[in-house]
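Commentary on secondary and tertiary structure
The lines below spell out each chain.
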Amino acid sequence: MRIGVLGTGNMADALATHWARAGHEVTIGGRDADKAERLATRVGAGARPAGLRAAAEFGQVVLAALPFDAGAGVVRELHAALDGTVLVDCSNPVGPGFRLLTDGGPSAARRLASAAPEAHVVKAFNLCHEDVWRMRPPVFDGRPLAVPVCGDDPAALARVHELVRDVGCEPVAGGGLERAGLLEATAALFIGLWVGEGADVQAIAPPLACATGPGGE
């Protein structure tokens, strides 16, 4: 598929590299032409540099690899180019003290959906550090990383599930876009535990077979 990437940072680098190597056509869009060109060269596999608008117009799927405080503004500028596209939001609205910056208001994903109302926004790829996404593949103890995905449009979800698998992970249906805020809050909690407390987040939950107690009862 044709994938446009908005942004030239670490998440753009990590995910675009997987997708280009999986055979997708990738265009890297940035305000800084030199940064876009350098990233496209690093990604390789035919990735091309462009401006933000050109990347938005190119993609059947567009990754918004943008900081939370810039995302809605950029998407609003490009909303006409994003009509009908699958817009993937991987941002985390997490501030100092691991505080959720959207607390009491719409999620980051909802803000993108409001900025580009004719796009199909999907929340994914926000729960891990960019270097986890650089792994080829992200597999731990023989088990591929599971990636929750939230969105409302079935066709958009199917495309993003394919892209999750292209990273070497397993997609998990996370519900509609109204649940994106839960993913963002989970990221704030996890980052606070990992970075602030040095805690092993995987130890928080029992395995699926014991989710309702011993014996699954």
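Small disclaimer: the values here were computed from a predicted structure and weren't measured.

Thoughts on helix H5 (residues 108-115)
- Taken residue by residue, H5 has Ala108, Ala109, Leu112 and Ala115 as its buried positions. All buried residues of H5 lie within an arc of 120 degrees about the axis, which places them on one face of the element.
- Its buried side turned inward, H5 meets strand E4 (61-64), helix H4 (68-77), strand E5 (86-89), strand E8 (120-123) and helix H8 (180-197).

Quick word on the packing of helix H1 (residues 10-21) against helix H2 (residues 33-43)
- Relative to each other, H1 and H2 sit at 45 degrees, their axes nearing to 9 Å. For the element pair H1 / H2, the angle class is oblique. Pair H1 / H2 crosses with right-handed handedness. The residues of H2 that touch H1, namely those facing Ala12, Asp13, Ala16, Thr17 and Ala20, are Leu39, Arg42 and Val43.
- For the contact of H1 with H2, the residue count by class is five nonpolar, one polar and two charged.

Concerning the pairing of strand E1 (residues 2-6)
- Most of E1 sits out of view: four of its five residues are buried.
- In this structure, E1 lies alongside strand E2 (residues 25-29), joined through five bridges in parallel fashion. In the sheet register, Arg2 faces E2, and the bridge partner there is Glu25.
- Considered for its hand, the β-α-β crossover made up of E1, H1 and E2 is right-handed.
- Sheet analysis places E1 next to E4, joined by four bridges and oriented parallel. Looking at E4, one finds that Val5 is bridged to Leu63.

Topic: the environment of Val139
- By the element assignment, Val139 lies in strand E9 (residues 139-140).
- A relative accessible area of 31% places Val139 in the partly exposed class.
- In sequence terms Val139 and Cys169 are 30 residues apart; their C-alpha atoms lie 7.7 Å from each other.

Some details on the side chain of Thr27
- Here Thr27 is to be found in strand E2.
- Look past the residues within four positions of Thr27 in its chain and what remains in contact with it is Ile3, Gly4, Val5, Arg48, Ala50, Ala55 and Phe58.

Quick look at the sheet that holds strand E3 (residues 48-50)
- Overall, mixed pairing links the eight strands, which are arranged E3-E2-E1-E4-E5-E8-E11-E12 in an open sheet. Looking at which strands have only one partner, the edges of the open sheet turn out to be E3 and strand E12 (170-173). Averaged over neighbouring strand pairs, the angle between their axes works out to 30 degrees when direction is ignored.
- Along the sheet, helix H7 (residues 154-166) makes contact with E1, E4, E5, E8, strand E11 (146-151) and E12, crossing E11 at roughly 160 degrees.

What to know about the packing of aromatic side chains
- Applying the stated criterion across every chain, the model contains three aromatic pairs.
- Ring geometry for Trp19 versus Phe125: centroids 5.8 Å apart, planes at 65 degrees, classification edge-to-face. Pair noted here: Trp19 is in helix H1 and Phe125 is in the loop between E8 and helix H6 (130-133), with a separation of 106 residues, a long-range link. As far as the burial class goes, Trp19 and Phe125 line up, both buried.
- Each ring, one from Phe125 and one from Trp133, has its centre 5.3 Å from the other, and the planes form 80 degrees; the classification is edge-to-face.
- Assessed through its relative accessible area of 2%, Phe125 is described here as buried.
- Members of the aromatic cluster, joined through ring pairs, are Trp19, Phe125 and Trp133.

Each value, and the rule that gives it
Residues numbered from 1 in each chain as written. Predicted model: local features only at pLDDT ≥ 70, side-chain atom pairs only at ≥ 80, totals over all residues. Heavy atoms only, no water. Buried < 20%, exposed > 50% of the residue type's maximum accessible area, 1.4 Å probe, protein only. Helix = DSSP H or I, 4+ residues; strand = E, 2+ residues; numbered from the N terminus. Arc of directions from axis to C-beta. Contact = heavy atoms within 4.5 Å. Axes fitted to C-alpha atoms, helices over the stretch in contact; angles between N-to-C directions. Parallel < 35°, antiparallel > 145°, perpendicular 65-115°, else oblique. Left-handed = near helix turned anticlockwise from the far one by under 90°. Nonpolar A, V, L, I, M, F, W, Y, C, P; charged D, E, K, R; others polar. Pairing = 2+ DSSP bridges. Right-handed = clockwise from strand over helix to strand, strands pointing away. Phe/Tyr/Trp six-rings, centres within 6.5 Å; stacked < 30°, edge-to-face > 60°.

Scope: geometric values only; no functional claims are made or implied.
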